[in-house]
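# Working through the structure, step by step
Chain by chain, the residues run as shown.
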Amino acid sequence: MKLRNPTGSIRRRLVAQLALIAALLSVAFFFTVRVVAEQAATDTQDNILAASATSIADAVYSESGVVRLELPYSAISMLSTISEDRVFYRVLVDGQTVTGYDDLPLPVARQPGRAVFETYPYRGDDLRSVLVSRALSVGNQARQVEVIVGQTRLGLAAISSKITATAVAIGVVFFIVATALSFLAAQNAMQPLDRLAASVARRGPNDLRPVTAATPAELVPLVGGLNSFMARLRSALTRSEDLIAEAAHRVRTPLATVRTQAEVIHRQMERPQNKKALREMIRAVDESSRSAGQLLDHAMVTFRSDQLETEDINAADLLRDVVDRLGPTAELKDISVHLTLPSGRCVVRGDMILLQNAVRNVLDNAIKYSPADTDIVVQLTNDGACRMAFMDQGRGFGEADLASLTQRFSRGANVDDVVGSGLGLTIADDVARAHGGALEITSNTEGAGACVTLVLPLA
């Protein structure tokens with residue numbers, strides 16, 4: 001039975017949640033790698049700038065009271081070899097430019113003895129610069145030497161782009177791998193629940209034993225609730241079966257007693273009007289007994305079909321017994337029941353009680369809906385399957401949908417004047433299906449009679 005309103009899959013929900021976590025971690029990983037890598041690249045550039053500026057500052061010296069500078073080639077080359085960025089420098093002594101680019105800006109905040117880094121636009125590009133200062137003794141005077149070295153950030157931007165692309169690729173790979181692992185983890189986590197569901201699904205309809213399989217701690221409350229429910233269900237089914245059996249006995253026995261007494265009195269009556277009245281009373285008792293019996297039979301078939309008590313049954317003996325039992329009922333309407341049996345044995349394997357109910361209800365329907373002074377033919381054939389056909393000369397089923405006649409309380413449109421419960425064919429169809437067979441219904445198109453065939457597999 002499929003649930004009409006499922007709330008979704010736990011497996012899909014778990015995978016989705018784990019994938020979302022993986023996505024968040026991938027995004028966090030991307031930004032972390034990018035920030036750390038860019039900071040590392042910036043620090044590397046700053047260190048090289050500081051080393052270059054310090055090298056230039058160390059190259060400033062005093063000779064005969066004159067400040068001189070021999071610009072070291074290595075100070076500039078260490079920057080130019082890193083990338084294709086342009087390099088600018090400026091050397092000042094006491095605020096006066098000695099060499100370099102005069103328009104190279106000085107930092108706003110200076111810290112003597114410490115390197116000061118700044119980034120600002122210069123000649124159309126962003127420039128990263130460093131200011132290094134030192135004291136120089138010229139003659140007997142202390143002079144302040146300041147060296148500014150700057151480098152454009154195009155190379156750093158290229159490095160940043162590479163870092164971003166690499167971080168994105170790593171993040172995507174991480175997300176894909178994490179999602180795949182999340183799916184595997186969800187599959188593994190759901191295996192105990194799948195095994196539990198499969199174990200319960202493999203059980204037969206009447207297997208209400210407690211579930212004793214080892215389960216994870218999270219499933220213990222579910223298994224406990226399921227076992228408790230099955231225990232209650234088993235108890236309820238037992239009480240229902242007992243009630244049906246008791247009701248069948250208490251309803252049928254009094255009606256059978258009344259019918260027997262009425263038949264005795266009917267035989268003793270001599271006046272035609274009294275005999276007619278008794279016949280009508282007997283017919284009413286039969287109708288009441290039939291309706292009550294069919295309701296009880298249907299309930300019994302519903303419970304018993306799930307657990308058949310099978311045995312080898314001779315179909316001919318079964319039909320003889322049922323025809324003998326319903327013979328008196330047919331005689332009240334002056335209906336003759338003719339039983340036609342094959343020469344060989346026709347044996348089926350099934351539940352005797354259910355098959356008796358099915359055959360009795362089909363024949364009872366044929367008697368009930370047949371007019372007086374007609375014939376009913378009960379024919380048993382063996383053509384690879386056991387076929388028990390009941391052919392009457394009644395009204396047939398009219399224009400009714402034959403497939404719907406096996407539904408509960410469904411009756412033909414042409415029998416509204418006849419008392420009935422609409423369960424006879426339902427019982428027969430349920431029994432046939434429980435035994436792996438089928439119920440075939442045909443109606444004479446001219447309205448003269450019908451044929452109901454109970455088809456069962458041979459033993």
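The following paragraphs examine the structure supplied in this document. (Residues numbered from 1 in each chain as written. Predicted model: local features only at pLDDT ≥ 70, side-chain atom pairs only at ≥ 80, totals over all residues. Heavy atoms only, no water.)

Our focus in this paragraph is the overall build of the protein chain. Looking only at helices and strands, the protein chain features 8 helices and 14 strands. Sorting the 459 residues of the protein chain into buried and exposed places 37% on the buried side. The contacts in the protein chain between residues at least 6 apart in sequence include a share of 65% that link residues at least 24 apart. (Helix = DSSP H or I, 4+ residues; strand = E, 2+ residues; numbered from the N terminus. Buried < 20%, exposed > 50% of the residue type's maximum accessible area, 1.4 Å probe, protein only. Contact = heavy atoms within 4.5 Å.)

The subject of this paragraph is the pattern of salt bridges. Within this structure, the stated rule accounts for 13 salt bridges. In this structure, Asp46 engages Arg128 in a salt bridge whose closest nitrogen and oxygen atoms are separated by 2.8 Å. Taken together, the residues span a long stretch of sequence, with Asp46 in helix H1 (residues 10–58) and Arg128 in strand E6 (residues 125–138) at a distance of 82 residues. The class for Arg128 is buried, based on a relative accessible area of 14%. Among the ionic pairs, Glu63 bridges to Arg68, the shortest N-O distance being 3.3 Å. Relative accessible area serves as the criterion here: at 38%, Glu63 is assigned to the partly exposed category. Accessibility expressed as a relative area gives 37% for Arg68, which makes it partly exposed. Overlapping salt bridges bring together Asp383, Arg387 and Glu440 as one network. (Salt bridge = Lys/Arg side-chain N within 4 Å of Asp/Glu carboxyl O.)

A few words on the pairing of E6. Relative to E6, strand E5 (residues 116–122) runs antiparallel, the two sharing 7 bridges. In the strand pairing of E6, Tyr122 is matched with Asp125. Here E5 folds back onto E6 in antiparallel fashion, the turn holding 2 residues, of which Arg123 has a positive phi close to 50°. Of the strand pairs in this sheet, E6 and strand E7 (residues 141–152) are connected by 12 bridges, and their pairing is antiparallel. (Pairing = 2+ DSSP bridges.)

To continue, consider the packing of aromatic side chains. Aromatic ring pairs are defined here through the distance separating the ring centres and the angle between the ring planes. One pass over the structure, following the stated rule, counts 5 aromatic pairs. The structure contains a cluster of three or more aromatic residues connected by ring pairs, namely Phe88, Tyr89, Tyr101 and Tyr122. (Phe/Tyr/Trp six-rings, centres within 6.5 Å; stacked < 30°, edge-to-face > 60°.)

A separate point is the sheet that holds strand E9 (residues 336–340). The mixed open sheet is built from 5 strands, whose spatial order is E9-E11-E12-E14-E13. Lying at the two open borders of the sheet, with one neighbouring strand each, are E9 and strand E13 (438–443). Here the strands of the sheet are splayed against their neighbours by 15° on average, with no regard to which way each runs. Running at roughly 140° to E13, helix H8 (residues 424–434) makes contact with E13 and strand E14 (450–456) of the sheet. (Axes fitted to C-alpha atoms, helices over the stretch in contact; angles between N-to-C directions.)

As a further point, take the environment of Gly224. Its location among the elements puts Gly224 in helix H4 (residues 220–268). Here Gly224 falls in the partly exposed class, since its relative accessible area comes to 37%.

The next thing to look at is unusual backbone geometry. In the Ramachandran plot, Arg123 falls in the positive-phi region, its phi being about 50° despite a non-glycine side chain. Relative accessible area serves as the criterion here: at 46%, Arg123 is assigned to the partly exposed category. One non-glycine residue with positive phi stands out, namely Asp334, at about 55°. Looking at the element boundaries, Asp334 is found in the loop between helix H6 (315–332) and E9.

As summarised here, the arrangement of the 5 strands in space is E4-E3-E7-E6-E5, forming an open sheet in which the pairing is antiparallel. Single-partner strands in this sheet number two, and they are strand E4 (96–100) and E5. Adjacent strand axes in the sheet meet at a mean angle of 25°, parallel and antiparallel pairs treated alike. Across 7 bridges, strand E3 (residues 87–93) lies against E7 in antiparallel orientation. Along E7, the bridge assignment pairs Val93 with Val145. In this fold H1 packs onto E3, E5, E6 and E7, with an angle of close to 35° to the strand it touches most, E6.

Okay, the packing of H6 against helix H7 (residues 352–369) next. Following both chains from N to C, one finds H6 and H7 inclined at 40°, their axes separated by 10 Å at the closest point. Comparing the axis directions of H6 and H7 gives the class oblique. In the packing of H6 onto H7, the handedness of the crossing is right-handed. Residues Leu318, Leu319, Asp321, Val322, Val323, Leu326, Thr329 and Ala330 of H6 lie in contact with H7, whose contacting residues are Met352, Leu355, Gln356, Val359, Arg360, Leu363, Asp364 and Ile367. Of the residues belonging to the contact of H6 with H7, the class tally is 11 nonpolar, 2 polar and 3 charged. (Parallel < 35°, antiparallel > 145°, perpendicular 65-115°, else oblique. Left-handed = near helix turned anticlockwise from the far one by under 90°. Nonpolar A, V, L, I, M, F, W, Y, C, P; charged D, E, K, R; others polar.)

Here the focus is the side chain of Asn314. By the element assignment, Asn314 lies in strand E8 (residues 310–314). A polar contact is formed between the side chain of Asn314 and the backbone nitrogen of Ala316, at a distance of 3.0 Å. What Asn314 contacts, discounting residues up to four positions off in sequence, is Arg345 and Cys346. (Polar contact = N/O pair within 3.5 Å; in protein donor to acceptor, adjacent residues only side chain to side chain.)

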